[in-house]
Amino acid sequence: MKPIRNRTARAAAVALVAGSLALAGCSDNGKSNAKDNSKSQEDAAEQSKPVAYGDAAASTGPAEEVKGAKSGGVINVYAQSDMTHLDPGQIYVSDAGQIANLLHRGLTNYQEDDKGNLTVVGDIATDSGKSSDGGKTWTYTLKDGIKDEDGNAITSADVRHTIERQYSKVIFDGPTYIQSWLSGSDYRKALPDGPYKGKHLPDSVLETPDDKTVVFHFDKPRPDLPQALAMAGYAIVPEKQDTKEKYDKAPAALGPYKISDYKAGKSLTLVKNDQWDPKTDSVRHQYVDGYNFTTTIKQASQTKRLIADQGDAKNAIQFTDSVDPAQMATVIGNAETKKRTIQGYQPYVWQLTFNLSSDAVKDKKIRDAITYAIPSQAMVQADGGRYGGEIAGGLMAPTLPGYDKAYDPFGKLKKPNGDLDKAKELLKEAGVKEGTKLSYAYSNTPRGQAQQVIIKDALAKIGFDVQAKEIDRASFYEQIGKLKNPYDIYMTGWGQDWSSPSTVITPVYDGSLIADGGSNYSHIKDAKVDALIQKALTEEPEAAAKTWEEAHHRIVEEINPAAPVYYSKQIQLFGSNIGGARYSTESSYIDINDLFLKQP
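In this report, we go over the structure that sits alongside the text. (Residues numbered from 1 in each chain as written. Predicted model: local features only at pLDDT ≥ 70, side-chain atom pairs only at ≥ 80, totals over all residues. Heavy atoms only, no water.)

**Considering the packing of helix α14 (residues 502-509) against helix α16 (residues 541-559)**
Next up, step 1: The N-to-C vectors of α14 and α16 enclose an angle of 45°; their axes lie 11 Å apart at closest approach. As the angle between them shows, α14 and α16 are arranged oblique. In this structure, α14 meets α16 at a crossing whose hand is left-handed. Contacts from S502, I505, T506 and Y509 in α14 reach W548, A551, H552 and I555 in α16.
Next up, step 2: Classifying every residue of the contact of α14 with α16 gives five nonpolar, three polar and no charged. (Axes fitted to C-alpha atoms, helices over the stretch in contact; angles between N-to-C directions. Helix = DSSP H or I, 4+ residues; strand = E, 2+ residues; numbered from the N terminus. Parallel < 35°, antiparallel > 145°, perpendicular 65-115°, else oblique. Left-handed = near helix turned anticlockwise from the far one by under 90°. Contact = heavy atoms within 4.5 Å. Nonpolar A, V, L, I, M, F, W, Y, C, P; charged D, E, K, R; others polar.)

Written as structure tokens, this is what we have:
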């Protein structure tokens, strides 16, 4: 989600966490090693299980009660920077995807059991969708009693408006699956002004025969539509409430909470949305009275406060940040503190992305040299050691079906600290001169800062003069998502939007999706890769798996638009008065839907 896009959150999307030290292992007194129970690739494989599609019964609220849950009180949320977006149409980054669980609702959503198994259910729709015409047509019926925070009834016109506004230039940073499925990769031409000048998509594409019915018509089967619609980027924007660009700062809630106060860059206060009816919602709860977000607390300070567990920190959680790597040993080594953590294998692959539009990295030998030079183990250590990640051989995470543990074309597992001799040899063949400048963009998070120090040092050892360019965390992906961005290389994180290689290879490596605001950050455009993508999208799962693997191998070995660095894991802390805390397979963070205060 998709960057680190969360999957959104099975996204693609961007998780923004941080990093800086290795974990050597310790105990309460520091005299013996703590047991290593960091998440493994076997845990990751558990998260790649197929997603079920739920019927009307599964989609009927209220959500199953959380054991021991109580009502009342306010949860404090620690974050180190502002939300990237609040407008659903712009949400494709994991922090915004996480808050979307509280504010927004879509046609479908993910229901997750206590073992992490996922079922797509109807959210404002009565079920996960009914397909016909061999999967080319999908029909949704809206539930009764769905209203926005001002009490306006949600109708099919609002769903149509939500989809059509994605075609306008008002929206530049969200997912593009449904638009491109309906109208092709050049979808904006089909409705360049969105719905804002009174025009609509034809009924042969998107049909709303009455107030309760929405029908999608595709030119080919789209079996993944229920999962695509569950992305936060397709949550409902009521037509009456849409303020275009201004909507990003003050969206109208359909979920259990609404915004009561927002100070950009400082704080965000959520209170109960009294128009939300739990009888219509089989996923969310409304146990607490609200959430107080403070968006200025650095990761190290978050961890320190939560370890101390005093005062307001007892009622606090980390939002999308993880335990500070420098304090990891303290957290893991103390049994009581460790009990207040959630852990999981995230779907994200951290990669050093090459801007193929830049002359500086056009030569594949240069890209390969940089790839060999990266000390992947140092990057993992800077993000929490074994609790923060594992060295990556390719660009497909262990959370994806078909993941190949042995795939490692650049020999990262054999030489985890890089192969400088191989890198220098390739640069010599490419005729690169000592002191050649490279512009490296990085996010101003602890993780981003730690990464840039390592990358700058490693590339200096093979003769590059790296010019590090800091970008604010909240706008990082927006900046590198510009086609004419001025950077040669940048670190990105990507995870599947749902459990399919199509949600990694298509949005990130499909040449037809190169556009401002798109996710093809490297600007790769390869005819063979594009053909393999189109082939896989029309194949049955078994055949498609082989085609996706072929596309993956070509991307990594023959083009190398992004150097694989490491697979990401998550470990987060919460206060002792927080109840219902668990790792969410869907969001890859603490499951914000089930939280309550033990003593309100």
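**Here's the deal with the pattern of salt bridges**
Where side chains of opposite charge bring their charged atoms close, a pairing between them can arise.
Next up, step 1: With the rule as written, the count across this model stands at 30 salt bridges.
Next up, step 2: A salt bridge links D289 to K272; the nearest nitrogen and oxygen atoms lie 3.7 Å apart. Pair noted here: D289 is in the loop between β10 (267-272) and β11 (290-294) and K272 is in strand β10, with a separation of 17 residues, a long-range link.
Next up, step 3: Overall, the relative accessible area of 38% leaves D289 in the partly exposed class.
Next up, step 4: Here K272 falls in the partly exposed class, since its relative accessible area comes to 33%. (Salt bridge = Lys/Arg side-chain N within 4 Å of Asp/Glu carboxyl O. Buried < 20%, exposed > 50% of the residue type's maximum accessible area, 1.4 Å probe, protein only.)

**Describing the sheet that holds strand β4 (residues 118-122)**
Next up, step 1: Spatially, β1-β4-β3 is the arrangement adopted by the three strands of the open sheet, whose pairing is mixed. Looking along the sheet, the strands with just one partner apiece sit at the ends: β1 (52-53) and β3 (108-112). (Pairing = 2+ DSSP bridges.)

**What about the sheet that holds β10?**
Next up, step 1: If you trace the five strands from one edge of the open sheet to the other, you get β9-β10-β11-β2-β12, paired in mixed fashion. With partners counted over all chains shown, the strands left at the sheet margins are β9 (257-263) and β12 (316-318), one partner each. With strand direction ignored, the average angle separating the axes of adjacent strands in the sheet is 20°.
Next up, step 2: As paired elements, strand β2 (residues 74-78) and β11 share five bridges and run parallel to each other. If you follow Y78 over to β11, its bridge partner there is T294.

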